[in-house]
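# Structural overview for review
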Amino acid sequence: MTVRRMTEILEARIASGEDQMDLEVSAACGADLMSDVMAFVKEKVVLLTGLVNPQAIRTADLMDIRVVVLVRGKSPTEDIVAMARENGMVLLSTKYSMFLACGRLYEAGLRGGGIREIA
Amino acid sequence: MKLKFEVGDEDFSLAGRASSELKGVLKRLGIGPDLVRRASIAMYEGEINMVIHAGGGVAEAEIEADRVVLTLIDAGPGIPDLSLAMTEGWSTAPDRFRELGFGAGMGLPNMRRNCDEFDIESEVGKGTSVRMVIRL
Ligand SMILES: Nc1ncnc2c1ncn2[C@@H]1O[C@H](COP(=O)(O)OP(=O)(O)O)[C@@H](O)[C@H]1O
Ligand SMILES: [Mg+2]
């Protein structure tokens, strides 16, 4: 699925990365705890999070995550947008809750690959 | 090459500078993305721990031809029970850090998982030191 399609499905606002709408994404992960992202995400995924602070962007960058979606209608503050832009990241914000945002993407074919198996 | 970072305790939003910088350096050296990611995660979790639990400390990265050695040293309260601290999900982090996305009790296990060698020493009332090696 392209970022463009994802943006449509989530009726998302684009805060950063307008030039990357054709980027292909195949897996996603929803998490509010950044250590969980670092523990379980293996490959490049889309990160959906309710965490709106610089740590979310920092964590995504360290994990080579190129697309971050802020759920529950949270708008990113200017410093966060600046950080995302600096890192060349796509930053979206959707009015949908974590559950609904993940559900809509799942329904449209996005899966949870790229996640380490949980013992 | 040796990188040294003072990790402070005042501004949580600055935590992660050491790992970001380390990531940049390793990338520029042409080291593969997987190794870069592992080193960055280990460093980031270590930095965050020093900020949250120890009131800051010193982080070092030594980049050698065949390995990266990460050292984190603090003079914080120390860890009374190391094996408990290494358990996934175990955490004493204050709630305000949980609201910031940390304190899941996954930091030390994440650090160990991403390294080829992991050593932690801690003395209550003296501090904690962590040494991690990632082979290139
Ligand atoms: N540098 C440190 N100084 C003192 N205590 C620490 C330090 N690092 C970790 N700890 C202790 O070990 C626990 C587990 O650490 P960790 O796995 O990183 O989880 P978290 O940081 O999410 O609590 C912490 O909650 C804390 O009690
Ligand atoms: Mg931790």
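Residues numbered from 1 in each chain as written. Chains lettered and ligands numbered in written order. Predicted model: local features only at pLDDT ≥ 70, side-chain atom pairs only at ≥ 80, totals over all residues. Heavy atoms only, no water.

What follows covers the overall build of chain A. If you tally the helices and strands in chain A, you get 5 helices and 5 strands. Shown N-terminal to C-terminal, the secondary structure of chain A runs as helices and strands in the order α-β-β-α-β-α-β-α-β-α. Against the compact-globule benchmark of 14 Å for 119 residues, chain A has a radius of gyration of 13 Å, which places it among compact chains. Overall size of chain A, expressed as C-alpha extent along the three principal axes, is 40 × 25 × 25 Å. Burial status across chain A gives 55% buried among its 119 residues. In chain A, 55% of the contacts between residues at least 6 apart in sequence involve partners at least 24 apart. With an accessible surface of roughly 5400 Å², chain A has 52% of that area assigned to carbon and sulfur atoms. (Helix = DSSP H or I, 4+ residues; strand = E, 2+ residues; numbered from the N terminus. Rg over C-alpha atoms; globule rule 2.2 N^0.38 Å. Buried < 20%, exposed > 50% of the residue type's maximum accessible area, 1.4 Å probe, protein only. Contact = heavy atoms within 4.5 Å. Areas by Shrake-Rupley, 256 points an atom, 1.4 Å probe, with all protein chains shown as cover.)

When you go through chain B residue by residue, the secondary structure sums to 5 helices and 5 strands. Written out in order from the N terminus, the α and β elements of chain B read β-α-α-β-β-α-α-α-β-β. Rg of the C-alpha trace for chain B: 14 Å, near the compact-globule value of 14 Å for 136 residues, within the 12% margin. Dimensions along the principal axes, computed over C-alpha positions, put chain B at roughly 40 × 30 × 25 Å. In chain B, which comprises 136 residues, the share counted as buried stands at 51%. Excluding contacts between residues fewer than 6 apart, the proportion of contacts in chain B whose partners are at least 24 apart in sequence is 63%. For chain B, the computed accessible surface area is about 6400 Å², with 50% contributed by carbon and sulfur atoms.

What follows is about helix H2 (residues 33-54) of chain B. With 22 residues, H2(B) extends 30 Å between its outermost C-alpha atoms, agreeing within 8% with the 32 Å of an ideal straight helix rising 1.5 Å per residue. Among the residues trailing H2(B), B:Gly55 stands out with phi positive, at a value near 70°. (Expected span 1.5 Å × (residues − 1).)

Opposite the 26 residues of chain B that make contact, chain A presents 20 residues. In total, about 1900 Å² of surface goes out of reach between chain B and chain A, with carbon and sulfur atoms giving 54% of it. It is B:Lys23, B:Arg37 and B:Tyr44 in chain B that bury the most area against chain A; as a group they hold 29% of the surface buried on that side. In this structure, the connection of chain B to chain A is made through 2 salt bridges. Note that B:Arg37 is salt-bridged to A:Asp64, the shortest N-O span being 2.9 Å. Our count for the contact surface shared by chain B and chain A stands at 8 residue pairs in polar contact (both at pLDDT 80 or more). Within the residue set of the side of chain B that touches chain A, elements represented by two or more residues are helix H1 (17-28), H2 and helix H5 (107-113) of chain B. Element by element, the count of residues in the side of chain B that touches chain A is highest for H2(B), at 6 residues. Grouping the amino acids of the side of chain B that touches chain A by side-chain chemistry returns 10 nonpolar, 8 polar and 8 charged. (Buried area = accessible area lost by both parts, 1.4 Å probe. Salt bridge = Lys/Arg side-chain N within 4 Å of Asp/Glu carboxyl O. Polar contact = N/O pair within 3.5 Å; in protein donor to acceptor, adjacent residues only side chain to side chain. Nonpolar A, V, L, I, M, F, W, Y, C, P; charged D, E, K, R; others polar.)

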